[in-house]
Amino acid sequence: MDFTKAILKPVIRQKEIEARVGEISASLDSLYARMPVVAVCVLKGAFLFFSDLVRRLHNPFLEVDFVRLSSYGKDTRSSGHVTLGKDVEVDIRGKHVLIVEDIVDTGHSMKFLVDLLAARNPADIKVVALVDKQERREVEVPVIMSGFSVDQGFLVGYGMDYAEHFRHLPDICDLSMPEQTPERA
Ligand code: PRP
């Protein structure tokens, strides 16, 4: 693939993302107040959203941690085959777990993670997603807040990729190629 030929159309600009992240962090500060919370970043896609979000939180009991999830197969649709490349390191027992994800599509990746962490007896598990593609959901996921609802298009930027490219873009963009339409891997 020739990445120089990619057509990138900004659909959500940096300023709009910043404003929405501010709203979400304010809601999370109210929701969790001074409770013990572990914010879990789902690598790689959530890395920018997570870093912007947690630096705005004021809870003195907040801990942060990271997991690495991959859908099976790099260039196919999410199929429900999810692998864990890196687990959380902090003890989540009795604590409130806040999973921070870039995009919830079919929901298979999130269901896998929620089931895995639920077995460790946290107080509860909630999910915030930058982008919620609710119309494509195949399994139920406890998304309590999302940045944006988007139904169509292949989104890249602000952490989201196509074949590991475009994660660094500050805007969320719709990607198309002159010859083909990429599928969400
Ligand atoms: C993407 C995204 C979610 C998942 C959403 O991850 O970050 O984790 O797909 O799809 P689903 O709801 O249909 O399961 P990907 O496997 O592409 O890894 P990445 O985060 O490293 O980009």
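For the structure, see preceding data.
Residues numbered from 1 in each chain as written. Predicted model: local features only at pLDDT ≥ 70, side-chain atom pairs only at ≥ 80, totals over all residues. Heavy atoms only, no water.

Visitor: I would appreciate a short explanation of the site of the ligand in the present structure.
Guide: Around the ligand, the structure places 20 residues, and the nearest of them are Arg 68, Glu 101, Asp 102, Thr 106 and Ser 109. With respect to the ligand, the backbone of Lys 44 contributes an N or O atom lying 3.1 Å from an oxygen atom. Gly 107 is positioned with one of its backbone polar atoms (N or O) 2.8 Å from an oxygen atom of the ligand. About the coverage of the ligand: the protein hides 97% of its 500 Å² of free accessible area. Taken together, the elements giving at least two residues each to the shell around the ligand come down to strand S3 (62–71), strand S5 (96–104) and helix H3 (108–118). (Near = heavy atom within 4 Å. Polar contact = N/O pair within 3.5 Å; in protein donor to acceptor, adjacent residues only side chain to side chain. Areas by Shrake-Rupley, 256 points an atom, 1.4 Å probe, with all protein chains shown as cover. Helix = DSSP H or I, 4+ residues; strand = E, 2+ residues; numbered from the N terminus.)

Visitor: What is the right way to read the nonpolar core from this model?
Guide: It is characteristic of soluble globular proteins that their nonpolar side chains tend to be buried jointly. The biggest cluster of nonpolar side chains holds 28 residues, and the ones touching the most others in it are Leu 28, Phe 49, Leu 53, Val 128, Leu 130, Val 131 and Ile 172. For this core, the secondary structure elements donating two or more residues are helix H1 (14–32), strand S2 (37–43), helix H2 (47–54), S5, strand S6 (124–132) and strand S7 (143–149). Looking at which element gives the most residues to this core, the answer is H1, with five residues. Setting aside chain neighbours within four positions, we find Phe 49 in contact with Val 21, Ile 24, Val 100, Glu 101, Val 128, Ala 129, Leu 130 and Tyr 158. Core analysis: the next-biggest nonpolar cluster, separate from the first, contains 19 residues, Val 82, Leu 113, Ile 125 and Val 127 among them. (Core = buried A, V, L, I, M, F, W, Y, C linked by side-chain atoms within 4.5 Å. Buried < 20%, exposed > 50% of the residue type's maximum accessible area, 1.4 Å probe, protein only. Contact = heavy atoms within 4.5 Å.)

Visitor: Would you explain the pattern of salt bridges in this entry?
Guide: Pairs can form between side chains of opposite charge whenever their charged atoms are close. Summed over all chains, the structure comprises 16 salt bridges. Between Lys 15 and Glu 18 there is a salt bridge, and its shortest N-O distance comes to 3.7 Å. Of this pair, Lys 15 and Glu 18 both sit in helix H1, three residues apart, roughly one helical turn. Looking at Lys 15, the relative accessible area reads 64%, which means it is exposed. The exposure class assigned to Glu 18 is partly exposed, which follows from its relative accessible area of 35%. Salt bridges here are not isolated pairs; linked through shared partners, they connect Lys 44, Asp 161, Glu 164 and Arg 167. (Salt bridge = Lys/Arg side-chain N within 4 Å of Asp/Glu carboxyl O.)

Visitor: When you look at unusual backbone geometry in this model, what are you seeing that I'm missing?
Guide: Most peptide bonds adopt trans geometry, and most residues besides glycine take a negative phi value. With an omega of 0°, the peptide bond between Leu 43 and Lys 44 qualifies as cis. Topologically, Lys 44 is positioned in the loop between S2 and H2. Despite not being glycine, Asn 121 shows a phi value in the positive range, around 60°. Among the secondary structure elements, Asn 121 is positioned in the loop between H3 and S6. Judged by relative accessible area, Asn 121 falls into the partly exposed class, the value being 44%. Within the chain, Tyr 158 stands out as a residue other than glycine whose phi angle is a positive 50°. With respect to the secondary-structure elements, Tyr 158 resides in the loop between strand S8 (155–156) and strand S9 (172–176).

Visitor: Would you mind going over the sheet that holds S2 with me for this structure?
Guide: Strands in a sheet are paired, the pairing made by backbone hydrogen bonds, and the direction either parallel or antiparallel. Spatially, the six strands line up as an open sheet ordered S4-S3-S2-S5-S6-S7, and their pairing is mixed. For this open sheet the edge positions go to strand S4 (82–86) and S7, each flanked by a neighbour on one side alone. Neighbour-to-neighbour, the strand axes of the sheet open up by a mean angle of 25°, direction not taken into account. On the sheet, H1 packs against S2, S5, S6 and S7 and is oriented at approximately 170° with respect to S7. (Pairing = 2+ DSSP bridges. Axes fitted to C-alpha atoms, helices over the stretch in contact; angles between N-to-C directions.)

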